[in-house]
Structure formats: structure tokens, C-alpha cells
Amino acid sequence: MLDPAGGGTPSTHPALRHCVALLRLHLASPSLAAAKQLHARALRAGVPPSHPLLAKHLLFHLAALRAPPLRYAVAILTRILPDPDPFSLNTVLRIAASSPRPRVALALHARRLAPPDTHTYPPLLQACARLLSLRDGERIHAEAAKNGFATLVFVKNSLVHLYGTCGLFESAHRVFDEIPVRERNLVSWNSMLNGFAANGRPNEVLTVFREMIDVDFTPDGFTMVSVLTACAEIGALALGRRVHIYLAKVGLVGNSHVGNALIDLYAKCGSVDDAWKVFEEMGMGRTVVSWTSLIVGLAVNGFGKEALELFGVMEKEKLVPTEITMVGVLYACSHCGLVDDGFMYFDRMKEEYGITPRIEHLGCMVDLLGRAGKVEKAYDYIVTMPLEPNAVVWRTLLGACAMHKKMELGEAAWARLVELDPGHSGDYVLLSNLYAAVGRWADVHVLRKTMVKDGVRKNPGRSLVELRNSVYEFVMGDRSHPESEQIYKMLAQIAERLRREGYIPRTSNVLADIEEEEKETALNYHSERLAIAFALLKSLPSTPIRIVKNLRVCGDCHTAIKLISKIYDREIIVRDRTRFHHFKGGSCSCKDYW
């Protein structure tokens, strides 16, 4: 941080010199009360309110506070108008950019109160990033380039952060590439990594991290959180464990952010025991985020009752749950069929913790009722909820209607989805599931023709499997893998052994008007089955197989994988779009309630 005294000539006013000295002395432990007392003392001693040196030191002191008071800072700045020095203005810009009202920074800049300098543009770009205002950000970028400041590394770092936050990965990477490698600092690397991690681009995170290690740049806790998030996203457990070992070597395991990211990693890779172990080892370093990460992790892995027990322990520790904690608790109730408990926790969330229900909480309640077969009550809940139901809520109802064959309510949900989110391929699939479940194949055919006519394309099923530190991707019916011939031979062998176990394909899961034999073939070539066949070929016996799928596992594959886990004596962990399924010995952790 810059020294506001700079190299200028100090004022000869003794009271001013005394107050400035005390303000500088208090910088080690800044205090708003101390700043106001010294400000008042200077004014009572006759120092003019518009004295620029007093303003500089006061603003510098305020900027060092954990939560700088924006209104007070702006009031100090206005005392030295119309000619504030760039340092004072930049300090207020920095305070505004990190405040709950970042737009104030842009408004002050628009008044052109002082000429911009090297420290003007980073807080302005930070404000644009927090506002997700790409248009303002591009305007500030153009201005910085025009004034010759866009080549500075800390301006470029801010630009990388802005474009990454706004989802413009190519622009962020282009600016990052413009920074010479020798000039890149930790903020440069972390801005690029965080931009990719926060927007679901895990492969790019790992690529940039490898570049960082190749140039011998030492990562910090924020770096490793991005890397762990990427490993969790693609289910790369082996790689995540290697990162965990590295963290222990460099002494970053004690970092609470890193610990929380490790809990999230292991939970999202289906390794609940490891998540528990990290949680226990954090000890006094555990935060509400740590408890929440494990509660949510247990819930999505199918250990709903354990999640609720952990929440009970959290309450005994007198920790206050967050909105996200309660989403995890309600999710646990939903996937265990605990309807009464779900409503009890929902009421306690409002009454005991003062958490106003958000659409995510209300959606959990719709899911809770729908999964339990109370579809009519779920519909009534939607039409009377205090917030306007969004497409996700109606989609949840449509899924419940398909599950429980509620035709009339399903078509009502579909009508709302057409209004709120037209062209969403998943909605067409859910309605097709509903039509197929009640045997209305003519309607399935019409719906498919409508999809083709309207250009709606179903997302292809994709499954990832990690073997020996490499991640392999499979798509339904894919033959691009160099070992496809062996994979399909293995699929044929699996199909034969399934038949001997009494498996009968559920061809109703194939939403097309084709022959039964073709439907059976289509089911056998689903992406998760290709991934499992490859893993059976390439992994050691008895080792768990971990699959990450982008779509929900279909009912037929769920039945088949249960039998495969028994036939081949393998634990198979499948993470689909909504939850985990731990298959072992012919059963699943979801107990077929999913």
C-alpha cells in the first residue's frame, strides 16, 4: 500500500502534524473510532476541513479498515473538491469498489475530479467485475489503453479478473497471454485460474496450473482452491489426492479455504470417508463453510440421515447455518423421503435462524413432495409460494410427474416451461418420459418431430472416468476411442452376464419408435456403460470405479449397474447431474429412491 505522505512538504500546523503522526501510528490496528476522534481533534485545533494532507491520511486510514465506511470517505473527499489529488480520489475509488455499492466508484470516475494515474483503473475494473457490467468494463479498458495504462501488470490482472468473472474466457486468456511471463505475479496466475474455475472450465484450470508450475512459480492457498475445484468438477480423485499430498508438503493444509476445498473435492468424487477425515483434521480451523460443505456432500452422496445428524451436532456447537447449509439439509430430507422432517427444518430455518426462503429452498420443498409421490401437493405448493416460481421449479414438478405418471399436472408444468424457458432440451425429454411412461408413443413421436422442426437438440450423454491420473470421456455409441473394439467386446460380455442374472432391459427408457432389439442395443451403449466397460478392462480387480455423468442416470442403467457391481464384485460410484449413486453388491446407496 502506498504511503499517503509521499515525498511532499509537510504542513507546519502543529495539530495537523500530531494528528497525522497518530493516524500513521494506528495503521497497524486501524479503528474507525480513532480516525473520527483524530479528525475531530484536528478540526477543533483549527486545521481547515479542506486540508489535503489531513484528507489523505484519513482516507488512507479508512482504506485499511476491514469494512471501510464509504459515506464517510466520500464526505472527506468532497471537502477537498474541486481539486482532489489523484491519491485521495483513488483511495475512495478503492473503498467504493470493495463496498456494497461499487457503482459509486464509476460515478466518481465519471465526474473527472482528478487526472487518472497508474492506480486509478484497477479499482474501477474491480467495481465492473462485482457489478458484472461488461459494457462498463470494456469502456474502462478502452480508456486505460488510450491513456497508456493498459500495459501495467496490475491493470492487466484486473482485466483478467473482469473478463473471467463475466464469462469471457477467451478475452481473459488473451489479456493474460499479453503479460510477459517474467512480469506475471501471483495475482496474474490466480486471476486466470479463478476465472476458469468459477465458470466450470476445469480442464483449462489444470492447463494453466501446469504452465505455472513449469515456470517455477510458487502457488498459494487461493491457487490451490482453484485447482481442487477443477479436480472436483471432473471427478479426478487420483489427481486431487496428489494435490493434497503437495499441499501437505508446502504447509497449506492448515489454510481453512484449502480445507473446505478438500472436503468439497472428496465429497464430489464420492469419497465420503476422505471428506470426513479432512473435516476432523481441521479441528478448531473449521468454519460454517466446512460444516456446510460436509453436510451438502453427505446429502448428495445419499447419506441423508448422516447429513441431518451432522447438522444436529453443528447446532449443538452454537454455529449459525447459512442459506446454503439449509439447502443441504432440505436436499437430504428430499432424497430420503423425510417429508415431515423437511417441513420441520423449513419452518425452523425461518423462525429460529431468520433465513428468508429463497427460490432454492422452495424448490427443495417441491422436490421433497414430488419425490414422495405427493405431486398434487407439490403443485399446490408452487401456485401458493411467496416467490414467482422459475423454470427450475416447474421442471422439478415435471420430473415428478414423469416419475409418478401424473399426466394432467405434467402437461400443466410443460405449459409454464414453454413460457419461461422455451427450447430447453431437458424439458422435452421429461415430457417424453411422461408420455412413454403412460404408453402414449404417438405423442412421443410428435414431440420428437417438434424438436427437430424447432431445432431443439438433446444434450448427448457424456461420462468421464479417471484411470491412472488420466480422465477419459465417452459419449453414447462412441467409437472414437482407440480401444473401441475391446470396449464393445467387453460390453457384449457384460450384456451376456446380465442376461444370465435375469436382467430384462427397460426399453421404455428409449424414447423412440424402433424395434425392441434396437432399443436394447441403444441402452447397452449409454455413455456410463461404455465408461464402466473401459474401467473393467483397464483397472485392477476390486478397485472402485468412479463415473461422472452430465445427465441423470436412466432407470435401466441404474438397474444394470446394480447387477454389474454384484457380478464383477466392484464398487461403482456414479455422479450424475443431481446426486451420487454408490453401487455395491447389487444395491445402491439411494435405495432406489431417486
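Please read all numbers here as calculations on a predicted model, not as lab measurements.

## Digging into the overall build of the chain
Part 1 of the argument: A count of helices and strands for the chain gives 30 helices and 6 strands.
Part 2 of the argument: If one aligns the C-alpha atoms of the chain with their principal axes, the spans along those axes are about 95 × 55 × 55 Å.
Part 3 of the argument: Across the 594 residues in the chain, those meeting the buried criterion constitute 50%.
Part 4 of the argument: Residue pairs in contact within the chain that sit at least 24 positions apart in sequence constitute 64% of those at least 6 positions apart.
Part 5 of the argument: Summed over all atoms, the accessible surface of the chain reaches about 28300 Å², with 54% contributed by carbon and sulfur.
Part 6 of the argument: Both charge centroids of the chain, one from 71 positive and one from 63 negative side chains, sit 5 Å from each other.

## Some words on the pairing of strand β4 (residues 572-575)
Part 1 of the argument: Of the two faces of β4, both are covered, the one formed by I572 and V574 as well as the one formed by I573 and R575.
Part 2 of the argument: When strand β3 (residues 545-549) meets β4, the two strands line up parallel, connected through 4 bridges. For R546, the partnering residue across the bridge sits in β4 and is I573.
Part 3 of the argument: In this fold, β3 hands off to helix α30 (residues 555-567), which returns the chain to β4; that crossover is right-handed.
Part 4 of the argument: In sequence, β4 turns back onto strand β5 (residues 580-584) through a hairpin of 4 residues.

## Side note on empty space enclosed by the protein
Part 1 of the argument: Applying the stated criterion to the full structure yields 3 cavities of 30 Å³ or more.
Part 2 of the argument: Computed from the structure, the largest cavity encloses a volume of approximately 50 Å³.
Part 3 of the argument: Elements supplying a minimum of two residues to the lining of the largest cavity: α5 (86-97) and α6 (103-110).
Part 4 of the argument: Tallying contributions element by element places α5 first for the lining of the largest cavity, with 3 residues.
Part 5 of the argument: When its residues are assigned to classes, the lining of the largest cavity shows 7 nonpolar, 3 polar and 1 charged.
Part 6 of the argument: The space that makes up the second largest cavity amounts to roughly 40 Å³.
Part 7 of the argument: Forming the boundary of the second largest cavity are L491, I494, L498, N524, R529, I532 and I564.
Part 8 of the argument: Those elements giving two or more residues to the lining of the second largest cavity turn out to be α27 (484-500) and α29 (527-538).
Part 9 of the argument: The greatest single-element share of the lining of the second largest cavity, amounting to 3 residues, is contributed by α27.
Part 10 of the argument: For the lining of the second largest cavity, a count of residues per class yields 5 nonpolar, 1 polar and 1 charged.

## Quick word on the pattern of salt bridges
Part 1 of the argument: According to the stated counting rule, one finds 29 salt bridges in the structure shown.
Part 2 of the argument: The residue R358 makes a salt bridge to E323 at a minimum N-O spacing of 2.5 Å. Residue R358 is located in the loop between α20 (339-351) and α21 (359-371), and its partner E323 is located in helix α19 (residues 323-336); the two are separated by 35 residues in the primary sequence.
Part 3 of the argument: A residue is classified by how much of its surface remains accessible, and R358, at 41% relative accessible area, is partly exposed.
Part 4 of the argument: A residue is classified by how much of its surface remains accessible, and E323, at 32% relative accessible area, is partly exposed.
Part 5 of the argument: In this structure, the salt-bridge partner of R500 is E496, at a minimum N-O distance of 3.7 Å. Of this pair, R500 and E496 both sit in helix α27, 4 residues apart, which is roughly one turn of the helix.
Part 6 of the argument: Sharing partners across several salt bridges, the network here consists of R103, D136 and R139.

## Structural notes on the packing of aromatic side chains
Part 1 of the argument: Across all of its chains, the model carries 14 aromatic pairs by this definition.
Part 2 of the argument: Arranged with centres 6.2 Å apart and planes meeting at 80°, the rings of F343 and Y381 form a pair that is edge-to-face. You can see F343 sitting in helix α20 and its partner Y381 sitting in helix α22 (residues 375-384), a full 38 residues away along the chain.
Part 3 of the argument: Among the aromatic residues, ring-to-ring pairing joins F176, W189 and F217 into one connected group.
Part 4 of the argument: When the ring centre of Y72 is taken as origin, the NZ or CZ atom of K36, which lies over that ring, is 5.4 Å away.

## Topic: the packing of helix α15 (residues 256-268) against helix α17 (residues 288-300)
Part 1 of the argument: The interhelical angle for the contact between α15 and α17, taken along N-to-C directions, is 0°, at an axis separation of 9 Å. Taken as axis vectors, α15 and α17 run roughly parallel relative to one another. Across the interface between the two elements, N260, I263 and A267 of α15 pack against V289, S290, S293, L294 and G297 of α17.
Part 2 of the argument: For the contact of α15 with α17, the class distribution of residues is 4 nonpolar, 4 polar and no charged.

## Some details on the UniProt feature "repeat: PPR" (unreviewed entry) in the chain
Part 1 of the argument: On the UniProt side, "repeat: PPR" (unreviewed entry) is annotated at positions that read residues 185-219, 255-285 and 287-321 here.
Part 2 of the argument: Along residues 287-321 one finds 74% helix and 0% strand; the C-alpha atoms at either end are 11 Å apart.

## Regarding the environment of P122
Part 1 of the argument: Position of P122 relative to the elements: it lies in helix α7 (residues 121-131).
Part 2 of the argument: Its relative accessible area of 18% is what places P122 among the buried residues.
Part 3 of the argument: As a C-alpha pair, P122 and I140 span 18 residues in sequence and 9.7 Å in three-dimensional space.
Part 4 of the argument: Residues contacting P122, with those up to four places away along its chain left out, are F154, V155 and S158.

## Digging into the side chain of T120
Part 1 of the argument: Locating T120 in the fold gives a position in the loop between α6 and α7.
Part 2 of the argument: At 3.0 Å, the side chain of T120 and the side chain of N90 are in polar contact.
Part 3 of the argument: At 2.9 Å, the side chain of T120 and the backbone nitrogen of D117 are in polar contact.
Part 4 of the argument: Those residues in contact with T120 that sit more than four places away from it in its chain are N90, L93 and H109.

## So, helix α13 (residues 221-234)
Part 1 of the argument: In this model α13 runs 20 Å from its N-terminal to its C-terminal C-alpha over 14 residues, within 8% of the 20 Å that 1.5 Å per residue would give.
Part 2 of the argument: Taking burial as the measure, the 14 residues of α13 include 10 buried ones, the bulk of the element.
Part 3 of the argument: Within α13, burial applies to G221, T223, M224, S226, V227, L228, A230, C231, A232 and I234.
Part 4 of the argument: Residue D220 occupies the N-cap position of α13, its side-chain oxygen lying 3.2 Å from the main-chain nitrogen of F222.
Part 5 of the argument: G235 lies just past α13 and shows a positive phi near 70°.

## Points about the side chain of H558
Part 1 of the argument: Tracing the chain through its elements places H558 in helix α30.
Part 2 of the argument: In this structure H558 comes out as buried when scored by relative accessible area, which is 2%.
Part 3 of the argument: A polar side-chain atom of H558 sits 3.3 Å from a polar atom in the side chain of H581.

## Section: α27
Each turn of an α-helix holds 3.6 residues, which means side chains three or four residues apart point in the same direction.
Part 1 of the argument: Over its 17 residues, α27 extends 24 Å from the first C-alpha to the last, a length consistent with the 24 Å expected when each residue adds 1.5 Å.
Part 2 of the argument: Along α27, the residues that are buried comprise S484, I487, Y488, M490, L491, I494, A495 and L498. One side of α27 holds all its buried residues, which, seen down the axis, span an arc of 155°. Away from its buried face by more than 90 degrees, α27 exposes E485, K489 and R500.

Rules used throughout
- Residues numbered from 1 in each chain as written.
- Predicted model: local features only at pLDDT ≥ 70, side-chain atom pairs only at ≥ 80, totals over all residues.
- Heavy atoms only, no water.
- Helix = DSSP H or I, 4+ residues; strand = E, 2+ residues; numbered from the N terminus.
- Buried < 20%, exposed > 50% of the residue type's maximum accessible area, 1.4 Å probe, protein only.
- Contact = heavy atoms within 4.5 Å.
- Areas by Shrake-Rupley, 256 points an atom, 1.4 Å probe, with all protein chains shown as cover.
- Lys, Arg positive; Asp, Glu negative; His and termini not counted.
- Charge placed at Lys NZ, Arg CZ, Asp CG, Glu CD.
- Pairing = 2+ DSSP bridges.
- Right-handed = clockwise from strand over helix to strand, strands pointing away.
- 1 Å grid on protein atoms, 1.4 Å probe; cavity = no way out; pocket = protein on both sides within 12 Å on 5 of 7 lines; lining within 4 Å.
- Points joined across faces, edges and corners; volume = space filled by probe spheres on them.
- Nonpolar A, V, L, I, M, F, W, Y, C, P; charged D, E, K, R; others polar.
- Salt bridge = Lys/Arg side-chain N within 4 Å of Asp/Glu carboxyl O.
- Phe/Tyr/Trp six-rings, centres within 6.5 Å; stacked < 30°, edge-to-face > 60°.
- Lys NZ or Arg CZ within 6 Å of the ring centre and 35° of its normal.
- Axes fitted to C-alpha atoms, helices over the stretch in contact; angles between N-to-C directions.
- Parallel < 35°, antiparallel > 145°, perpendicular 65-115°, else oblique.
- UniProt positions renumbered as here; feature names shortened; annotations may be inferred.
- Polar contact = N/O pair within 3.5 Å; in protein donor to acceptor, adjacent residues only side chain to side chain.
- Expected span 1.5 Å × (residues − 1).
- Arc of directions from axis to C-beta.

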